[in-house]
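The residues making up each chain are set out below.
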Amino acid sequence: MDQPYTQPKVTLEEIVFAQHLLKDVIIRTPLQHSRVLSERYGCRVLLKREDLQIVRSFKIRGAYYLMKSLLASQELKGVVCASAGNHAQGVAYSCQTLGVPGKIYMPSTTPRQKVHQVRFFGGDMVEVILVGDTFDDAYAEAIAASEREQMPFIHPFDDPKIIAGNGTIGMEILEQSEETPDYIFVTVGGGGLAAGIGSYVKMVKPEVQLIGVEPEGAPSMKASRAAGVVTPLAEIDKFVDGAAVKRVGDLTFDLCNSSLSDVIDVAEGRICTVMLDLYNENAIVAEPAGATAIAGLEQYRDQIAGKTVVCVISGGNNDVDRMQEIKERSMVHEGLKHYFMVNFPQRAGALREFLDDVLGPDDDIARFEYTKKTNKDNGPALVGIELKQKCDYEPLIARMNAKGLHYIELNKDPLLFNLLI
């Protein structure tokens, strides 16, 4: 439901000025029509390709604009930032371009590819410090360093100039689109991207519906909107590393609360499916946060039919080492992969009977291991079964029950699933 739109804290004039300062640094990324997604959802889907920026995400816009603004008013002996990866690359590139030293704090869980890129873009102008398990851990260390060494902190999202820089994406979308979009879907992590796009779009075209999309395991904006105040989450799923924050910003919350028509959350498995589809169908390499906005289209299928819809692909910094996990999460979410703990009868031929009598003609054993290494005949086995179609699941379960097998479905037990898979 729409919130009443209030006077913005980031002005139209500043976003226009930010675009002027950024024009020689950023790429004016294309707004591409997606035939595949348009046919799938019965509407006109346009993709704003921020994954094509030089640092492969939108983060260069806010980081460079803030640092350039600081340099205009003071000498900088250095800057400090905290990031799960993409903001760090934007800051690193800005440090190298502007000749400003930087200390960049990143979670120790950050994909290696992102750490490598930060060092590549920053060169000898930046120092990378890996600390903690989440963005919030790195953030706390970076704030302490900023205060200790008296260097400005370049916030990843909760700063008016960061938001103004991000707002240039909204400016470009409206300039590039042949007709005013009915909907813009945008990923929400800390809220800086959504706040920036919303600040511009709602001032120029208030009729556009902005939909924020969060990962199901880190719905910090949704929780805060429900509570009416910024509400930190106790725990988050860190898989969508570019959007997994426990606490949204105070400024971004205010701006998003007034400009976003809705905030929805999508399952991490659904995001993985979208990532694979983007690669297979469009040759687009998106990171989890970059695919999150598109993953939200399914929930709005009825509302967007026949409309013009923009989805912002916010980044493409995906580590190839994660692809197996991405495929696994997608298949589990789509109901194509199921794991069981099975107690086989303690007699010869029991496994052969399972293969002959329980597995369907298109079912495959994707994983099999006995849980007891020293006494395999007296203990359950972990069995992973891959299906060709989701509808093959019920017949599989019926055959297991008819065979009289004793089993536990791990897909339905999150604790055991996370422990064993």
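Calculation criteria
- Residues numbered from 1 in each chain as written.
- Predicted model: local features only at pLDDT ≥ 70, side-chain atom pairs only at ≥ 80, totals over all residues.
- Heavy atoms only, no water.
- Helix = DSSP H or I, 4+ residues; strand = E, 2+ residues; numbered from the N terminus.
- Buried < 20%, exposed > 50% of the residue type's maximum accessible area, 1.4 Å probe, protein only.
- Contact = heavy atoms within 4.5 Å.
- Areas by Shrake-Rupley, 256 points an atom, 1.4 Å probe, with all protein chains shown as cover.
- Lys, Arg positive; Asp, Glu negative; His and termini not counted.
- Charge placed at Lys NZ, Arg CZ, Asp CG, Glu CD.
- Pairing = 2+ DSSP bridges.
- Right-handed = clockwise from strand over helix to strand, strands pointing away.
- Axes fitted to C-alpha atoms, helices over the stretch in contact; angles between N-to-C directions.
- Parallel < 35°, antiparallel > 145°, perpendicular 65-115°, else oblique.
- Left-handed = near helix turned anticlockwise from the far one by under 90°.
- Nonpolar A, V, L, I, M, F, W, Y, C, P; charged D, E, K, R; others polar.

## What to know about the overall build of the chain
Move 1: In terms of helices and strands, the chain carries 17 helices and 14 strands.
Move 2: For the chain, the spread of C-alpha atoms along the principal axes amounts to about 80 × 50 × 40 Å.
Move 3: When the 421 residues of the chain are sorted by exposure, 56% land in the buried category.
Move 4: Long-range pairs, those at least 24 residues apart, make up 75% of the contacts in the chain with a sequence separation of at least 6.
Move 5: Carbon and sulfur atoms make up 50% of the accessible area of the chain, which amounts to about 18,000 Å² in all.
Move 6: Here the chain contributes 44 positive and 57 negative side-chain charges, whose respective centroids are spaced 2 Å apart.

## A short note on the pairing of strand β7 (residues 183–187)
Every other side chain in a regular strand lies on the same face of the sheet, so the side chains alternate between the two faces.
Move 1: Burial analysis of β7 places 5 of its 5 residues in the buried class, the great majority of the element.
Move 2: Of the two faces of β7, the one holding Tyr183, Phe185 and Thr187 and the one holding Ile184 and Val186 are both buried throughout.
Move 3: One ladder, built from 5 bridges, connects β7 with strand β8 (residues 209–215); its direction is parallel. Residue pairing for β8: phenylalanine 185 is matched across the bridge by isoleucine 211.
Move 4: Regarding the hand of the β-α-β motif, the stretch spanning β7, helix α8 (residues 192–204) and β8 is right-handed.

## So, the packing of α8 against helix α10 (residues 250–259)
Move 1: Between α8 and α10, the shortest axis-to-axis distance is 9 Å and the interhelical angle comes to 50°. Classed by the angle they form, the pair α8 and α10 counts as oblique. Every pair of crossing elements has a handedness; the one defined by α8 and α10 is left-handed. Counted together, Gly192, Ala194, Ala195, Gly198, Ser199 and Lys202 of α8 and Thr252, Leu255, Cys256 and Ser259 of α10 form the full contact between these two elements.
Move 2: Residues that form the contact of α8 with α10 fall into these classes: 4 nonpolar, 5 polar and 1 charged.

## Notes on the sheet that holds strand β14 (residues 406–409)
Move 1: With respect to topology, 4 strands assemble into an open sheet ordered β12-β13-β11-β14, the strand pairing being antiparallel. Looking at which strands have only one partner, the edges of the open sheet turn out to be β12 (364–370) and β14. Neighbour-to-neighbour, the strand axes of this sheet turn through a mean angle of 25°, independent of strand direction.

## Section: helix α5 (residues 112–122)
For an α-helix, the turn length of 3.6 residues means that residues three or four places apart are oriented alike.
Move 1: Listing the buried residues of α5 in full gives Gln113, Lys114, Val115, Gln117, Val118, Phe121 and Gly122.
Move 2: Each element contacted by the buried residues of α5 is listed here: α4 (86–98), β4 (102–106) and β5 (126–130).
Move 3: Looking one or two residues past α5, glycine 123 carries a phi angle of roughly 55°, positive in sign.

## Details of the environment of arginine 347
Move 1: With respect to the secondary-structure elements, arginine 347 resides in the loop between β11 (337–343) and α15 (350–358).
Move 2: For the pair arginine 347 and isoleucine 421, spaced 74 residues apart in sequence, the C-alpha separation works out to 27 Å.

Keep in mind that these numbers describe shape and distance, not what the molecule does.
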